[in-house]
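Overview (structure and organization)
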Amino acid sequence: MVRVHSVSTEPFCIQRFPFPGLEGQPWPVVAPDYGQMEALRTLLPSLGRRLCDLTELMLAGAGPDNWRYPCHPTERDEAACDPDDHTSSPMGTFPRCVSPFGVRDTLVKPTWGVFD
């Protein structure tokens, strides 16, 4: 990301792992489709939650200083995050794959698919 201008957000909380946010659980086989996202958008308020917007997701992943990688501002640590995009290890397997705000596994392919 390249900072073009400053953005302010209201305070928010975000889970460390994607919904349902359970460490040790496998990643979804495929990213949710539009219908599944709409169902989730309907379900989450009953759980006291909502979907984050893109600004919130990017801030949670990059931190206040806009880090390029979750465990270092400019350099990727190959050993810190799961190197296998196709058969990702369960969520939380790599404890050093954490953003400055504590969001985990942000370099794992399924996470970026959700961001997209």
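Below you will find a few notes about this structure. (Residues numbered from 1 in each chain as written. Predicted model: local features only at pLDDT ≥ 70, side-chain atom pairs only at ≥ 80, totals over all residues. Heavy atoms only, no water.)

Per the secondary structure count, the chain includes three helices and zero strands. Mapped from its N terminus to its C terminus, the chain presents α and β elements in the order α-α-α. The 116 residues of the chain split such that 25% are buried. The long-range fraction of contacts in the chain, counting pairs at least 24 apart against all pairs at least 6 apart in sequence, stands at 64%. Total accessible area on the chain is roughly 7900 Å²; 57% of this is exposed by carbon and sulfur atoms. (Helix = DSSP H or I, 4+ residues; strand = E, 2+ residues; numbered from the N terminus. Buried < 20%, exposed > 50% of the residue type's maximum accessible area, 1.4 Å probe, protein only. Contact = heavy atoms within 4.5 Å. Areas by Shrake-Rupley, 256 points an atom, 1.4 Å probe, with all protein chains shown as cover.)

A few words on the state of the cysteines. Per the counting criterion, the structure on display carries one disulfide. For Cys81, the disulfide goes to Cys97, at an S-S distance of 2.0 Å. Disulfide Cys81 to Cys97: torsion about the S-S bond roughly 95 degrees, handedness right-handed. One end of the pair, Cys81, is in the loop between helix H2 (54-62) and helix H3 (109-115); the other, Cys97, is in the loop between H2 and H3, with 16 residues separating them in the sequence. Considered together, Cys81 and Cys97 belong to a single accessibility category, that of buried residues. Between Cys13, a free cysteine, and Cys52, which holds the nearest cysteine sulfur, the sulfur-to-sulfur gap is 9.3 Å. Judged by relative accessible area, Cys13 falls into the exposed class, the value being 76%. (Disulfide = S-S within 2.5 Å.)

Below, the discussion takes up unusual backbone geometry. The residue Asn66 is not glycine, and still its phi comes out positive at about 60 degrees. Here Asn66 shows up in the loop between H2 and H3.

Applying the stated rule across the entire model yields three salt bridges. The residue Glu38 makes a salt bridge to Arg41 at a minimum N-O spacing of 3.2 Å. Note that Glu38 and Arg41 are positioned in helix H1 (residues 34-43) at a spacing of three residues, about one turn of the helix. Residue Arg41 is classed as partly exposed on the basis of its relative accessible area of 45%. Residues Arg96 and Asp77 are paired through a salt bridge, measuring 2.1 Å at the closest nitrogen-oxygen approach. Of this pair, Arg96 sits in the loop between H2 and H3 while Asp77 sits in the loop between H2 and H3, and the two are 19 residues apart along the sequence. In this structure Arg96 comes out as partly exposed when scored by relative accessible area, which is 46%. (Salt bridge = Lys/Arg side-chain N within 4 Å of Asp/Glu carboxyl O.)

Read these as spatial facts, not as claims about activity.
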